[in-house]
Amino acid sequence: MSSRTAGGATGRVLEDRVVPPGEWWARALRRGQTLRIVDLEGRQAVDFLCYNAENPEERYNAADTMKFAKTIFLTRGHGIYSNLGRRLLTIVEDTCGRHDTIGGCCSAESNEFRYGVKDTPSCRANFLRALAGFGLGPKDIVANLNFFMNVPVAPDGTMGIVDGLSKPGDYVDLRAEMDALAVISNCPQVHNPCNGFNPTPIRLIVTESD
Ligand SMILES: [Zn+2]
């Protein structure tokens, strides 16, 4: 598959797919390739993990990424760093400007604790399904990023998941700074506002420049 543009992304298109709500996706990006994540309908949380594709023990480190950015709200220009202090990815474009670094992913267990509902689909379960294809498992799930999820922190320290700020068609572009395994759960959560109580599809476009 080859095209100069897809969804406004430039370069040769390696993959272009719509991921329905509640589904997952994973791909090893080569250094220099770009992953565009499009929030097609807006207000859809996209749970995200990433690893060094050659050595997955090197993986996203939320705390260091926040410290290096000096903010909890990542946007264009910020690096997504590993536990070894190296850039896995750079956010090279961001039309939304509000993503979450502290809220983590939903799980059946936390949904039961918070909402009293059993056996819900979850991002943790999706991560496990995606990671299994790469020989990874529960010990490899770390604190994750959530694109298009809005978790503000008040001056008194109060935090909470509130309505997302993404509009239909908002996107982030992530450029791989090393060969990087990207793992996505298109969040199925319906018990808090992270998906506007209505999970919707996302579009993923992987490109590389010629
Ligand atoms: Zn979720």
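Please refer to the structure higher up on the page.
A short tour of the structure in this document, coming up. These numbers were taken from a predicted model, which means no experiment stands behind them.

A separate point is the overall build of the protein. Secondary structure assignment for the protein yields three helices and twelve strands. What you see for the protein is a C-alpha radius of gyration of 16 Å, in line with the 17 Å of a compact globule of 210 residues. In terms of its C-alpha atoms, the protein occupies a principal-axis envelope of roughly 50 × 35 × 35 Å. Classification of the 210 residues of the protein by burial places 49% in the buried group.

The next subject is the nonpolar core. Counting residues in hydrophobic clusters, the biggest one holds 31 residues, and the most contacted among them are Leu35, Ile37, Phe48, Leu89, Phe147 and Leu174. Setting aside its immediate chain neighbours within four residues, leucine 174 contacts Gln33, Thr34, Leu35, Ile37, Phe48, Ile80, Leu89, Thr90, Ile91 and Phe147. Residues Phe127, Leu131, Ile141 and Leu181 belong to the second largest nonpolar core, which totals nine residues.

Below, the discussion takes up the layout of surface pockets. Picture a little ball the size of a water molecule; that probe, rolled over the atoms, points out where space is still empty. Of the volumes computed, that of the largest pocket is approximately 200 Å³. As for the largest pocket, its lining consists of 17 residues, of which Gly103, Gly104, Arg114, Met149 and Ile161 are closest to the centre. Sort the elements by how many residues they give to the lining of the largest pocket and helix H2 (residues 108-115) lands first, with three residues. Grouping the constituent residues of the lining of the largest pocket by class yields seven nonpolar, eight polar and two charged.

The subject of this paragraph is the coordination of the zinc ion. At this site the zinc ion is bound by Cys106 (SG), Cys123 (SG) and Cys187 (SG), with donor distances of 2.2 to 2.3 Å. Within one chain, the residues serving as donors to the zinc ion are arranged as C-x16-C-x63-C. Here cysteine 187 lies in the loop between strand E11 (180-186) and strand E12 (202-208) and cysteine 123 lies in helix H3 (residues 123-132), a separation of 64 residues in the sequence. Both residues of the pair, cysteine 123 and cysteine 187, belong to the buried class.

Here we take up the packing of aromatic side chains. How two aromatic rings sit relative to each other is set out by the distance from centre to centre and by the angle between their planes. Within this structure, the stated rule accounts for two aromatic pairs. Summarising the aromatic geometry, the rings of phenylalanine 48 and phenylalanine 147 are spaced 5.3 Å apart at their centres and angled 70° between planes, so their arrangement reads as edge-to-face. Taken together, the positions of phenylalanine 48 in strand E6 (residues 46-52) and phenylalanine 147 in strand E9 (residues 145-147) put the pair 99 residues apart, joining distant regions of the chain. Taken individually, phenylalanine 48 and phenylalanine 147 each receive the classification buried, so the pair is uniform in this respect. When the centroid spacing of 4.8 Å and the interplanar angle of 85° are considered together, the rings of phenylalanine 68 and tyrosine 81 count as edge-to-face. Of this pair, phenylalanine 68 sits in helix H1 (residues 62-69) while tyrosine 81 sits in strand E7 (residues 79-81), and the two are 13 residues apart along the sequence.

What follows deals with unusual backbone geometry. One non-glycine residue with positive phi stands out, namely lysine 70, at about 60°. Among the structural elements, lysine 70 can be located in the loop between H1 and E7. The exposure class assigned to lysine 70 is exposed, which follows from its relative accessible area of 74%. Residue phenylalanine 197 is not a glycine yet carries a positive backbone phi of 60°. Examined against the element boundaries, phenylalanine 197 turns out to sit in the loop between E11 and E12. Accessibility expressed as a relative area gives 47% for phenylalanine 197, which makes it partly exposed.

Moving on: the pairing of strand E8 (residues 87-94). Two strands pair when backbone bridges link them, and E7 and E8 are joined in this way by three bridges, in the antiparallel orientation. Each bridged residue has a counterpart across the sheet, and for glycine 79 the counterpart in E8 is threonine 90. Here E7 hands over to E8 after five residues, with glycine 85 in that stretch at a positive phi of 70°. Two strands pair when backbone bridges link them, and E8 and strand E10 (residues 170-176) are joined in this way by five bridges, in the antiparallel orientation. Directly across from threonine 90, in E10, lies its bridge partner arginine 175.

What counts, and at which threshold
- Residues numbered from 1 in each chain as written.
- Predicted model: local features only at pLDDT ≥ 70, side-chain atom pairs only at ≥ 80, totals over all residues.
- Heavy atoms only, no water.
- Helix = DSSP H or I, 4+ residues; strand = E, 2+ residues; numbered from the N terminus.
- Rg over C-alpha atoms; globule rule 2.2 N^0.38 Å.
- Buried < 20%, exposed > 50% of the residue type's maximum accessible area, 1.4 Å probe, protein only.
- Core = buried A, V, L, I, M, F, W, Y, C linked by side-chain atoms within 4.5 Å.
- Contact = heavy atoms within 4.5 Å.
- 1 Å grid on protein atoms, 1.4 Å probe; cavity = no way out; pocket = protein on both sides within 12 Å on 5 of 7 lines; lining within 4 Å.
- Points joined across faces, edges and corners; volume = space filled by probe spheres on them.
- Nonpolar A, V, L, I, M, F, W, Y, C, P; charged D, E, K, R; others polar.
- Donors = N, O, S within 2.8 Å, 3.2 Å for Na, K, Ca; no water.
- Phe/Tyr/Trp six-rings, centres within 6.5 Å; stacked < 30°, edge-to-face > 60°.
- Pairing = 2+ DSSP bridges.

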